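# Structural overview
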Amino acid sequence: MSERLINFREVIRPPLWLMAFIYFLAFSLGVAIWAAMTTMIAAVVMALLTAATILIYFNSSLVIEIDENELRVGKAHIDKKFCGEVIVLTPAQMSLQRTREADPAAYLAIRFWTAHGVKIEVKDGRDQTPYWLVTSKRGDALTQAIKKV
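One structure accompanies this document, and this report is about it. (Residues numbered from 1 in each chain as written. Predicted model: local features only at pLDDT ≥ 70, side-chain atom pairs only at ≥ 80, totals over all residues. Heavy atoms only, no water.)

Backbone-to-backbone hydrogen bonds pair the strands of a sheet. The strands run either parallel or antiparallel. With respect to topology, four strands assemble into an open sheet ordered 1-2-3-4, the strand pairing being antiparallel. The two strands at the open ends of the sheet, each matched to only one other strand, are strand 1 (6-12) and strand 4 (76-79). Each strand of the sheet is rotated relative to its neighbour by a mean of 10°, with strand direction disregarded. In the packing of helix 4 (residues 139-147) onto the sheet, contacts are made with strand 1, strand 2 (62-67) and strand 3 (70-73), and the angle to strand 2 comes to roughly 35°. (Pairing = 2+ DSSP bridges. Helix = DSSP H or I, 4+ residues; strand = E, 2+ residues; numbered from the N terminus. Axes fitted to C-alpha atoms, helices over the stretch in contact; angles between N-to-C directions. Contact = heavy atoms within 4.5 Å.)

Structure, rendered in structure tokens:
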């Protein structure tokens, strides 16, 4: 099995403020259970809620990778030869693209906590997806990696 040469890799993870908010919601649930049940039950529930918060952190991450032939965003992938124009979007443009100007057939790999992104046109006649809208903090580097042959 040959090694893939990764030209670009970006991981979009949830911010700490969001994870703290989720954990404090879980903590308030644990306190409510502690008030109604025993301390042992509350401790078990808090351990489970802590594990669930950690799982949320890692499962909500978005991984973007580009190697010599392929773009992978999350579980989706496309050959670079089918990637058309790549547009780096400002936060205002990204907001419009994911709301009012959104195409229902587009592939959306967006995370609400990151305002920047790119729009990647799909130029495959067999694919009905017009474009990919991808959250990215490094849109210029992503664009260059897609265009790199």
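That shown, we press on.
By the secondary structure assignment, Glu 70 is in strand 3. Among the polar contacts made by the side chain of Glu 70, one reaches the side chain of His 77 at a distance of 2.9 Å. (Polar contact = N/O pair within 3.5 Å; in protein donor to acceptor, adjacent residues only side chain to side chain.)

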